[in-house]
Amino acid sequence: MFEKLRNLDGRSITVFVDGTPVRAEADESAAAVLLRQGPVWARTTPVSGARRAPYCMMGVCYDCLATVDGVPSVQTCLTPVQEGMRIDRQLGRRSVAS
């Protein structure tokens, strides 16, 4: 598991990872927050169900996809956290519901 190199300063906020409140630093990426939460993974693959975790951290590999504030398949490495944000690990293929 990862941890921040510096302590959270006065700019800390609260986000929710799978419903659990987590402290984060304002404007860090949602993927960085996921990397600090054990077990480390953001999504499962649609076919085998294998767990995938943020890898490239620059929007190329898509292993960081998660559901953010109800929106599925968000690239968390490119998404800065905001107060009260809800980040849910994505299980398999995203659902397309009307």
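Residues numbered from 1 in each chain as written. Predicted model: local features only at pLDDT ≥ 70, side-chain atom pairs only at ≥ 80, totals over all residues. Heavy atoms only, no water.

Right, let's get into the pairing of strand S5 (residues 65–68). In regular strands, side chains alternate between the two faces of the sheet. Burial along S5 is two-sided: the residues Leu65 and Thr67 and Ala66 and Val68 are all buried. Relative to strand S6 (residues 71–75), S5 runs antiparallel, the two sharing three bridges. Counted as the bridge partner of Val68 is Val71 from S6. Hairpin connection of S5 to S6: two residues between the antiparallel strands, including Asp69 at a positive phi of 50 degrees. (Buried < 20%, exposed > 50% of the residue type's maximum accessible area, 1.4 Å probe, protein only. Helix = DSSP H or I, 4+ residues; strand = E, 2+ residues; numbered from the N terminus. Pairing = 2+ DSSP bridges.)

Now for the packing of aromatic side chains. Here the structure, examined in full by the defined rule, presents zero aromatic pairs. Between Arg86 and the ring centre of Phe16, over which it is positioned, the NZ or CZ distance is 4.4 Å. (Phe/Tyr/Trp six-rings, centres within 6.5 Å; stacked < 30°, edge-to-face > 60°. Lys NZ or Arg CZ within 6 Å of the ring centre and 35° of its normal.)

Nonpolar side chains tend to gather and get buried jointly when the protein is soluble and globular. Grouped together as the largest cluster of nonpolar side chains are 15 residues, with contacts concentrated most on Val15, Val33, Val81 and Ile87. Elements with a minimum of two residues in this core: strand S1 (12–17), strand S2 (20–25), helix H1 (30–35) and S5. Setting aside anything within four residues of it in sequence, one finds Val81 in contact with Ile13, Val15, Ala24, Glu25, Asp27, Glu28, Ser29, Ala30, Val33 and Ile87. (Core = buried A, V, L, I, M, F, W, Y, C linked by side-chain atoms within 4.5 Å. Contact = heavy atoms within 4.5 Å.)

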